[in-house]
Amino acid sequence: MKTNQVRIDIGFGVGTGRTGKPLVDAVVQAGLTSIIQVATDLFGGCTVYRTYGSWRCEKTGITHYEDGRTLTLYVKFPSKRTERDLTVLADLIKDRLMQQAVYIVKTPVNSQLY
């Protein structure tokens, strides 16, 4: 059976907060647990990958290097509800992990289930 899907990748840091100060491990773990739960409730499941990257603080101009995560979702037949749910998830990530921003990449996917 063929389906039209969108792969959605949401990237965010877990090393430092929006102020550039390190995040405490317990905050990161609790944040990831709630983010994964909400992603599963909204989209039926997700996959989380460990990443590493950099960002520049707008206030200080200092470049920070940190661990991150990419949360991947597959959505069949995206709709306006998908966009609302993505906003909820992005806002949750920014709140729980004290992030200034997250990135969201949407890639059309044609897949076949066997």
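In this text, all values refer to a predicted model and were calculated from it rather than measured experimentally.

Visitor: Explanation requested: the overall build of the protein in the structure shown.
Guide: Helices and strands together make up the secondary structure of the protein, namely two helices and four strands. Helices (α) and strands (β) of the protein occur, in sequence order from the N terminus, as β-α-β-β-α-β. Its C-alpha atoms put the protein at 50 × 25 × 25 Å along the principal axes. Contacts in the protein between residues far apart in sequence, at least 24 positions, make up 70% of those at least 6 positions apart. With the model as given, the accessible surface of the protein reaches about 7300 Å², and the carbon-plus-sulfur share is 54%. Charge-centre separation for the protein: the mean point of 15 positive side chains lies 4 Å from the mean point of 10 negative side chains.

Visitor: Is there a simple way to explain the environment of cysteine 57 in this structure?
Guide: In this fold, cysteine 57 is placed in the loop between strand 2 (47–56) and strand 3 (63–76). Cysteine 57 sits in the buried class, given a relative accessible area of 6%. Between the C-alpha atoms of cysteine 57 and glutamine 100, which are 43 residues apart in sequence, the distance is 9.4 Å. With residues near it in sequence (within four places) discarded, cysteine 57 still touches Ile62 and His64.

Visitor: Sorry, what's going on with the packing of helix 1 (residues 25–43) against helix 2 (residues 80–96) here?
Guide: When two helices pack together, you describe them by how their axes are tilted relative to each other and by the distance separating the axes. It is at 10 Å that the axes of helix 1 and helix 2 come closest, and there the two elements cross at 170°. The angle between helix 1 and helix 2 places the two elements in the roughly antiparallel class. On helix 2, the residues touching Val27, Gly31, Ser34, Ile35, Val38, Ala39, Leu42 and Phe43 of helix 1 are Thr82, Asp85, Leu86, Val88, Leu89, Leu92, Ile93 and Arg96. By residue class, the composition of the contact of helix 1 with helix 2 is eleven nonpolar, three polar and two charged.

Visitor: I keep staring at the nonpolar core and nothing clicks. Help me out?
Guide: The tendency in soluble globular proteins is for nonpolar side chains to be buried side by side. Ile10, Phe12, Leu71, Leu73, Leu89 and Leu97 are the most contacted members of the largest nonpolar core, which totals 19 residues. Where this core is concerned, the elements lending two or more residues are strand 1 (2–13), helix 1, strand 3 and helix 2. By residue number, the principal contributor to this core is helix 1, which donates five residues.

Visitor: Help me understand the pattern of salt bridges in this model?
Guide: A side chain with one charge may pair with a side chain of the opposite charge, provided their charged atoms come close. Under the counting rule described, the total for this entry stands at five salt bridges. Aspartate 85 is paired through a salt bridge with arginine 81; the nearest N and O atoms lie 3.5 Å apart. Remark: arginine 81 and aspartate 85 occur in helix 2; sequence separation between them is four residues, near one turn of the helix. Using a relative accessible area of 53% as the deciding quantity, one classes arginine 81 as exposed. Between lysine 106 and glutamate 83 there is a salt bridge, with the nearest N and O atoms lying 2.8 Å from each other. With lysine 106 in strand 4 (residues 103–112) and glutamate 83 in helix 2, this residue pair connects regions lying 23 residues apart in the sequence. Residue classification places glutamate 83 among the partly exposed residues on the basis of a relative accessible area of 38%.

Parameters at a glance
- Every chain's residues receive numbers from 1 upward, in the order its sequence appears when written.
- Per-residue local features of the predicted model are confined to residues with pLDDT of at least 70, and side-chain atom pairs are confined, for both listing and counting, to 80 or more; whole-chain, interface and lining totals are unaffected and use all residues.
- Hydrogen atoms and water are omitted, and side-chain values are computed over all heavy atoms in the structure.
- Secondary structure elements follow DSSP: runs of H or I of four or more residues count as helices, runs of E of two or more count as strands, with numbering from the N terminus.
- By definition in these notes, contact holds between two residues if any of their heavy atoms fall within 4.5 Å.
- Reported accessibility uses the Shrake-Rupley method at a 1.4 Å probe radius. Residues are deemed covered only where the shown protein chains occlude them.
- His is not counted here, nor are the chain ends, while Lys and Arg score as positive and Asp and Glu score as negative.
- Charged groups are reduced to one reference atom each: NZ for lysine, CZ for arginine, CG for aspartic acid, CD for glutamic acid.
- For each residue, the accessible area found with a 1.4 Å probe, counting protein chains only, is set against the maximum for its type, and the residue is called buried under 20%, exposed over 50%, and partly exposed in between.
- As a rule, the C-alpha atoms of each element are fitted with a line to give its axis, helices using only the stretch in contact, and angles between N-to-C directions run from 0 to 180 degrees.
- Angles are sorted into four bins: roughly parallel if under 35 degrees, roughly antiparallel if over 145, roughly perpendicular if 65 to 115, and oblique for all others.
- All residues other than Ala, Val, Leu, Ile, Met, Phe, Trp, Tyr, Cys, Pro, Asp, Glu, Lys and Arg, Gly among them, are scored as polar; the first ten of these are nonpolar and the last four charged.
- The criterion is simple. A nonpolar core is a set of buried Ala, Val, Leu, Ile, Met, Phe, Trp, Tyr and Cys residues joined through side-chain atoms within 4.5 Å.
- Throughout this description, the term salt bridge denotes a Lys or Arg side-chain nitrogen within 4 Å of a carboxyl oxygen of Asp or Glu.

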